[in-house]
Amino acid sequence: MEYNPDVHNLQCPKCEHGMVEITHDEIAIDRCTNCQGLWFDTDEAHQLKLRPGSEAVDTGDKSEGWKYDSRANVNCPHCGNLMDLSYDPKQIHIWYEVCDDHGMFMDAGEFTDFKNETLLDWFRGLIKGHRNIVAP
Ligand SMILES: [Zn+2]
Ligand SMILES: [Zn+2]
């Protein structure tokens, strides 16, 4: 669905369609109506990861998500700043974009993958930081 500020909270930073809020176990995140990418505010991704069944929010087709994976220069949907490309240190095939002030964006299928790793591993990687990595 084309982005319409009256209907959508956010504009997808990758494909520029509208994102709608979805809620799982009282955690609200945003999902793109087109590419099914997911936006997580601040630490929502790791909170949601702990909730049983939360992979249900990741309805997108992974092969569809991959089409968008290679797009460089993704801007934060909140502040418009260029986001850092980062990856999960334990699962280096999972790349996601991070805005230090607002949150992170995952392509369709990535959250499901991400959820298969332990919180501790992910969090260690996050605080060590993997900023300023240039996409291959
Ligand atoms: Zn999108
Ligand atoms: Zn931001």
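Quick note: structure is the one above.
Parameters at a glance
- Residues numbered from 1 in each chain as written.
- Chains lettered and ligands numbered in written order.
- Predicted model: local features only at pLDDT ≥ 70, side-chain atom pairs only at ≥ 80, totals over all residues.
- Helix = DSSP H or I, 4+ residues; strand = E, 2+ residues; numbered from the N terminus.
- Buried ≥ 20, exposed ≤ 12 C-beta atoms within 10 Å, placed from the backbone.
- Contact = placed C-beta atoms within 7 Å.
- Pairing = 2+ DSSP bridges.
- Core = buried A, V, L, I, M, F, W, Y, C linked by C-beta atoms within 7 Å.

Visitor: It is not clear to me how the overall build of the chain should be interpreted in this structure. Could you clarify?
Guide: On a plain count of helices and strands, the chain comes out with 4 helices and 7 strands. Reading the chain from its N end, one meets helices and strands in the order β-β-β-β-α-α-β-β-β-α-α. Relative to its full complement of 136 residues, the chain shows a buried share of 31%. Contacts in the chain between residues at least 24 apart in sequence constitute 53% of all its contacts with a sequence separation of at least 6.

Visitor: Quick question: what am I supposed to make of the pairing of strand β4 (residues 38–41) here?
Guide: The side chains of a regular strand alternate, residue by residue, between the two faces of the sheet. Two strands pair when backbone bridges link them, and strand β3 (residues 27–32) and β4 are joined in this way by 2 bridges, in the antiparallel orientation. What sits directly across from arginine 31, in β4, is leucine 38. Between the antiparallel neighbours β3 and β4 lie 5 residues, among them glutamine 36 with a positive phi of about 65 degrees. Sheet topology places β4 next to strand β7 (residues 103–106); 4 bridges connect them, and they run antiparallel. Along β7, the bridge assignment pairs tryptophan 39 with phenylalanine 105.

Visitor: Which parts of the structure should I look at to understand the nonpolar core?
Guide: Generally speaking, soluble globular proteins have nonpolar side chains that are buried together. In this structure, Leu38, Met104 and Met106 are the most contacted members of the largest nonpolar core, which totals 25 residues. When residues of this core are traced back to their parent elements, those giving at least two are β3, β4, α1 (44–49), β6 (91–99), β7 and α3 (110–115). When residues of this core are assigned to their parent elements, the largest contribution, 4 residues, is made by β6.

Visitor: Before we go on, may I ask you to explain the sheet that holds strand β1 (residues 10–11) in this structure?
Guide: Pairing between sheet strands relies on hydrogen bonds along the backbone, with the strands arranged either parallel or antiparallel. Judged by pairing direction, the sheet is antiparallel, and its 7 strands sit side by side in the order β1-β2-β3-β4-β7-β6-β5 without closing on themselves. Each of the sheet's edge strands pairs with one partner strand only, and the pair in question is β1 and β5 (84–88).

Visitor: Sorry if this is basic, but what is going on with the environment of arginine 51 here?
Guide: Relative to the elements of secondary structure, arginine 51 occurs in the loop between α1 and α2 (62–69). As a C-alpha pair, arginine 51 and histidine 24 span 27 residues in sequence and 8.4 Å in three-dimensional space. The residues contacting arginine 51, other than those within four sequence positions of it, are His24, Asp25 and Ile27.

Visitor: Which parts of the structure should I look at to understand the environment of threonine 59?
Guide: Residue position: threonine 59 is located in the loop between α1 and α2. Note on threonine 59: 13 C-beta atoms within 10 Å, which makes it partly exposed. Separated by 49 residues in sequence, threonine 59 and alanine 108 place their C-alpha atoms 7.2 Å apart.

Visitor: What exactly am I supposed to notice about unusual backbone geometry here?
Guide: The general pattern is negative phi for most residues beyond glycine and trans for most peptide bonds. Non-glycine residue glutamate 16 carries a positive phi angle of around 70 degrees. Positive phi outside glycine occurs at glutamine 36, with the angle close to 65 degrees. Within the element layout of this structure, glutamine 36 appears in the loop between β3 and β4.

Read these as geometric descriptors, not functional statements.
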